[in-house]
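# Breakdown of the fold
Chain by chain, the residues:
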Amino acid sequence: MSQRTVIGVLGLGEAGGAFSVDLAAAGAQVRGYDPAVPAGPGLVAASSEADAATGADLVLSVNRSAVAVEVMEAGIGALPEGSVWADLNTASPAKKERLAEIAERHGIAFADIAIMAPVPGPRLQVPMLVSGPGAVRAAELLSGFGARVEVLDGPPGLAATRKLLRSVYFKGMAASIVEALEAARAAGFEDLLRENIIADLTAAGESTVERIVSGTYQHAVRRTDEMAAATEMLTDLGVTPSMAAGSRDLHARLSEDS
């Protein structure tokens with residue numbers, strides 16, 4: 001690159017901290033700001049969101065969905081023309097669309113970036129998806145420093161949609177496993193259930209998803225009763241049956257629709 005790229009990073013926690021350090025090590029001038037975490041070595045310590053955005057080619061907002069709008073409104077006015085504001089927070093598609101509208105009012109291109117795997121380990125090379133009017137430019141800038149960014153041809157919210165659909169499956173499965181092991185621990189069978197879970201996951205193959213889906217619809221009535229019993233058992237064990245009750249209710253809805 002003919003001149004040094006300036007990247008503002010808002011949020012220096014696990015993801016933002018790793019990205020900022022890697023970007024700086026790769027040659028970017030990184031202006032970092034986090035009200036709770038000091039900027040590390042190699043970063044320009046900014047005093048506010050606006051200070052971090054000043055003169056930046058790209059801003060990465062890596063904090064929390066709950067403050068994404070507030071952070072953007074505090075900093076976007078300092079971005080020069082032609083810059084990109086990228087939001088990497090796990091937020092709903094509707095929230096990403098709202099952020100894009102705010103950016104458009106300021107004449108700034110917006111990029112919706114979804115981080116698709118845990119950051120520790122791959123750090124800046126973690127797989128990412130990006131959509132929105134600033135997607136191509138954001139991907140060009142980040143890829144120039146070693147990031148792995150796939151551009152999606154679509155509006156803001158598309159990257160978020162892809163991530164959250166996977167989250168429903170993966171985080172839901174993780175929560176069910178945690179709840180089941182908690183109940184098994186209370187019942188004195190944690191090791192046995194852990195072995196069962198490992199065996200099931202290890203044996204999964206191409207036909208697993210279709211078998212799970214078709215079986216769930218086919219046996220919805222019986223499984224409603226089964227999960228109602230499981231919910232009662234967890235309650236008796238002193239375990240809050242959040243996932244078991246949700247499974248019971250889903251099977252009940254499927255049985256009514258069939």
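A brief structural summary.

So, how was this worked out
Residues numbered from 1 in each chain as written. Predicted model: local features only at pLDDT ≥ 70, side-chain atom pairs only at ≥ 80, totals over all residues. Heavy atoms only, no water. Buried < 20%, exposed > 50% of the residue type's maximum accessible area, 1.4 Å probe, protein only. Helix = DSSP H or I, 4+ residues; strand = E, 2+ residues; numbered from the N terminus. Pairing = 2+ DSSP bridges. Salt bridge = Lys/Arg side-chain N within 4 Å of Asp/Glu carboxyl O.

## Some words on the pairing of strand β1 (residues 6–10)
Within β1, five of the five residues are buried, which leaves the element mostly enclosed by the surrounding structure. Residues Val-6, Gly-8 and Leu-10 of β1 are buried on one face, and the alternating residues Ile-7 and Val-9, pointing to the opposite face, are buried as well. Note that β1 and strand β4 (residues 58–61) share four bridges and pair parallel. Bridging across to β4, Gly-8 finds its partner in Val-59.

## Remarks on the pattern of salt bridges
For the structure shown, the criterion picks out ten salt bridges. Of the charged contacts, one joins Asp-112 and Lys-96 as a salt bridge, the two residues approaching to 3.2 Å between their closest N and O atoms. On the criterion of sequence distance, the pair formed by Asp-112 in strand β6 (residues 109–115) and Lys-96 in helix α4 (residues 93–105) is long-range, its members being 16 residues apart. Each member of the pair, Asp-112 as well as Lys-96, carries the same accessibility label: buried. Across the salt bridge formed by Arg-248 and Asp-249, the nearest N and O atoms sit 2.9 Å from each other. On the basis of relative accessibility, which here comes to 43%, the residue Asp-249 falls in the partly exposed class. Where salt bridges share partners, they join Asp-87, Lys-96 and Asp-112 into one cluster.

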